[in-house]
Amino acid sequence: MTRTDIIAFNELSEADLKIDTTYEGGTKGNTGDDPLSKLMGCGNQGGFRSVGTRNGIDTKLCILYSDLSHEEWPDRIDTETGRFYFYGDNRVPGRDIHKTAQKGNLILHNSYEELAKGNRKNIPPFFVFVKGKKGRDVVFRGLAVPGAPDLHNSEILTVITHEKEEGEIKNYQAIFTILDIQYISRLWIEDLHNGTPFTKNAPKPWIEWINSGKYQALKGIKSIDSHSAYTVGNLNPKYWLFNVYYASEPKVWKSSKHMDVAAMQYEYGREHTSSVTKHINLIKKISVGDYIVAYSGNKGFLGYGKVTKQFYEENDPSKFIHATGAHWKQRVGVNWQQALDIPIMYKGPNFMKDIGLKGSPVMSSSTIFEITSTGFTFIRKLLNEIYPNKVIEKQYPLVTPNEVVNHIFSYIKSKGFTYSKEEINNLFLAIKTKPFIILSGISGTGKTKIVQWLAESVGATEENGQFTLIPIRPDWNDGSDLLGYVDIKGEFRPGPLTKVIENAEKNPEKPYFVLLDEMNLARVEHYFSDILSVMESRKWKDGKMITTILIPEQTAGRDTRLPTNLYILGTVNMDETTHPFSKKVLDRAMTIEFNRVELANLSFLDDSHVIEPIEVPNSLFQSNYLHLKDLYVGNEDFVKEITYELESINKILQPTLTHFGYRIRDEITFYLYYNKAQNLMDHDYAFDNCILQKILPRLNGSDQRTNKMLSDLYLYCTGRVYTYQDDYQLEIKEAKYPKSAEKILEMIRRLQEDGFTSFWIS
């Protein structure tokens, strides 16, 4: 280390100030040994020492003193930027933040308030001193002013909260900039005491800051070696992207910003298992003074703030966040400096590069990500709309999935169609689980209308192109009728679905609905096979869900993929004019029956209430998971429980070779998890839907093995052995899975009466 200048104790009252100069303390062993009182004409105790009125406006000058070694309140100097991070003087639990003995926090509050108003002339100069190597010695580190370049006013003075047994401590963390001033004359210190700061003796960088607000930072400040009483080490803040799960449950973010926390949830008691270790290790690395960005998922950002409290587990039930079947007790404290109700969505081409994502994490299955300081600055500017070309301008109301389902139900009811709330819940969960739905049932039950009204209720109409009805023709025998073809001139003629795809690609934040009306008038396997295959190719890439190419560049002039904001629903009838479905189609779809008819229910005629549509983002419909491993972390017991039940069903199906594979397992698990997360339906009711929609549609047969398989399924659903009788109403009513039991009973009767049975024969 280069030896610093040393000013003797008896020379202090006439000494000038020089950067990195040591000013000796006395040796008598009492308060008179304090060097700052003689050097600066201030008090002889405390981290804040002011001259003049202690209010930050009429204060003549202020000394900030620190030993840079306090673990709980870690003052520090950033040698690369010239910033000084200084904590206030409230260290007493339960005390008002401004009612301190030296009024240091009041000086900070008023000084930064004047800075925000542009009244820099009212702000006193701040002289920074740190503890020297021995005794009462101090080292001058520079002249500081509040704030820093590129930081918003909300970032430079923040409230930090520490929990103690005796109560809560609220204190300030202030960010100063040490100006590029190597020398300050004794004459200016005397001017300050006389109340005349703006003299020829004042340092020019300080005068320029007063007049223009320009910060000329002193960078590359010399650090004292590690053997001294203080060090300036690697104490720069880290920056974190924290998924607040807005896309799946906005309530978590709404509560988090109100409580000044960032919250996560894992299964209690399993925090040391390998599946959650990485999440716990990451959240425990987040330190006080770090910065957190609230990530909404799907390339959206909700805000940012400074960490005020390290990892802790909230044990007060009144502060639990009740969402997705959990309490979200695992937290860090955050002073949210910007907190939006609706996310700003990124739309640029280089998401992971722009946000400075470190490493190569799988964004779909992680909660916390470390980013660079450059990435943090980019996101902060994105949130402040400094990069409008990389922001999707359309914003949507803050609504939860539960609220959306309630709205859809009310909207459809207001149109004069009678569907139960459970049927709407089921349709919503089916769409979120898989973007391909088959709606079956007798003609005239409103299969087409329920899709149209659902889309319209969330702002998707034919007029804006977000809803498209495509009637299927019996003569369709390949994908060209839907996707398009190359004409005799070699020009590509896009089909009706391709036009929708192009619009959906341009507006990834909006949901698009396509209704294939009477889709089995032609053989689905013929005209829809390409789409089915591409739909199953979905994968995560750079935090985004993508598919393989649907239409290659050689055909259409550009590579076209299936967008993840496109939802395809098809209505079907089963009669002599239609075609049956293969297992390939049924395995890839959610099949929902609409056979319930209540002609006498005229209650809707008495309801004249008009429900207006609301526009909602695609994130409310888009699946959060593609593979079971995406969901498994933190939900191990839930996944194992569902898998155990499905394995029991598969053992019943295996003798007839109708057992199902991993795709159906995963989709049923996703459906049940979404239901659990939103608490839409009873678990058994939801599982009953899954059996009816994903397993039974695949079943058919004409032999005794089919009969035994159906009888065993009946036993599984009801807990009772199937025996022929005239009335099964009581057994169905008391069944664990009544809807599936009723359908199985219908299939058994058809087998016994006709010698053949199928889900699709009524």
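This text goes with the structure placed above it.
The structure displayed is predicted, hence computed values, not measured ones.

A. Up close: the packing of aromatic side chains. For the coordinates displayed, the defined rule picks out 41 aromatic pairs. For the ring pair Phe48 and Phe86, a centre distance of 5.3 Å and an interplane angle of 75° mean the geometry is edge-to-face. One end of the pair, Phe48, is in strand β4 (residues 48-52); the other, Phe86, is in strand β7 (residues 83-87), and 38 residues separate them in sequence. Pairing Tyr567 with Phe621 gives two aromatic rings, centres 6.0 Å apart and planes at 55°, and the pair type is tilted. A residue pair is termed long-range when its members are at least 10 positions apart, and Tyr567 in strand β29 (residues 566-571) and Phe621 in the loop between β30 (590-593) and α19 (628-632) qualify at 54 residues. The exposure class of Tyr567 is buried, given its relative accessible area of 2%. Judged by its relative accessible area of 0%, Phe621 falls in the buried class. Grouping aromatic residues by their ring pairs yields a cluster made of Phe48, Phe84, Phe86, Tyr112, Phe126 and Phe176. Positioned above the aromatic ring of Tyr65 is the side chain of Arg49, whose terminal nitrogen or guanidinium carbon lies 5.7 Å from the ring centre.

B. Spotlight on the packing of helix α20 (residues 636-653) against helix α22 (residues 683-695). Orientation of α20 relative to α22, taken along the N-to-C sense of each, is 40°, at an axis distance of 13 Å. Taken together, α20 and α22 sit at an angle that is classed as oblique. By crossing handedness, the relation of α20 to α22 is classed as right-handed. Of the residues in α22, those in contact with Glu641, Ile642, Glu645, Leu646, Ile649 and Leu653 of α20 are His683, Phe687, Ile691 and Ile695. Within the contact of α20 with α22, the residues separate by chemical class into 7 nonpolar, 1 polar and 2 charged.

C. Summary view of unusual backbone geometry. Its identity is not glycine, yet Asp150 carries a phi of approximately 70°, on the positive side. Even without a glycine there, the phi angle at Asp260 is positive, about 60°. Tracing the backbone through its elements, the reader meets Asp260 in the loop between α6 (250-259) and β14 (261-264). Residue Asp260 is classed as partly exposed on the basis of its relative accessible area, which comes to 37%.

D. Region of the structure containing the pairing of strand β9 (residues 138-146). Of all 9 residues in β9, 9 are buried, a share of seventy percent or more. Here strand β3 (residues 22-23) runs beside β9; their pairing, made up of 2 bridges, is antiparallel. Considered in β9, the bridge of Tyr23 is made with Val138. In the sheet, strand β8 (residues 126-131) pairs with β9 via 6 bridges, with the strands oriented antiparallel. Following the sheet pairing, Lys131 is matched in β9 by Val138. Between the antiparallel neighbours β8 and β9 lie 6 residues, among them Gly135 with a positive phi of about 50°. Here 3 bridges tie β9 to strand β11 (residues 167-178), and the two strands are oriented antiparallel to one another.

E. Layout of the pattern of salt bridges. The full count for this structure, using the stated rule, is 28 salt bridges. For Arg698, the salt bridge is made with Asp587, and the minimal N-O distance between the two is 2.6 Å. Residue Arg698 is located in the loop between α22 and β31 (700-701), and its partner Asp587 is located in helix α18 (residues 583-587); the two are separated by 111 residues in the primary sequence. Among the residues examined, Arg698 registers a relative accessible area of 5% and is labelled buried. Overall, Asp587 belongs to the buried group, its relative accessible area being 15%.

Cut-offs and rules
- Residues numbered from 1 in each chain as written.
- Predicted model: local features only at pLDDT ≥ 70, side-chain atom pairs only at ≥ 80, totals over all residues.
- Heavy atoms only, no water.
- Phe/Tyr/Trp six-rings, centres within 6.5 Å; stacked < 30°, edge-to-face > 60°.
- Helix = DSSP H or I, 4+ residues; strand = E, 2+ residues; numbered from the N terminus.
- Buried < 20%, exposed > 50% of the residue type's maximum accessible area, 1.4 Å probe, protein only.
- Lys NZ or Arg CZ within 6 Å of the ring centre and 35° of its normal.
- Axes fitted to C-alpha atoms, helices over the stretch in contact; angles between N-to-C directions.
- Parallel < 35°, antiparallel > 145°, perpendicular 65-115°, else oblique.
- Left-handed = near helix turned anticlockwise from the far one by under 90°.
- Contact = heavy atoms within 4.5 Å.
- Nonpolar A, V, L, I, M, F, W, Y, C, P; charged D, E, K, R; others polar.
- Pairing = 2+ DSSP bridges.
- Salt bridge = Lys/Arg side-chain N within 4 Å of Asp/Glu carboxyl O.

Function-wise, these values are silent; they only describe arrangement.
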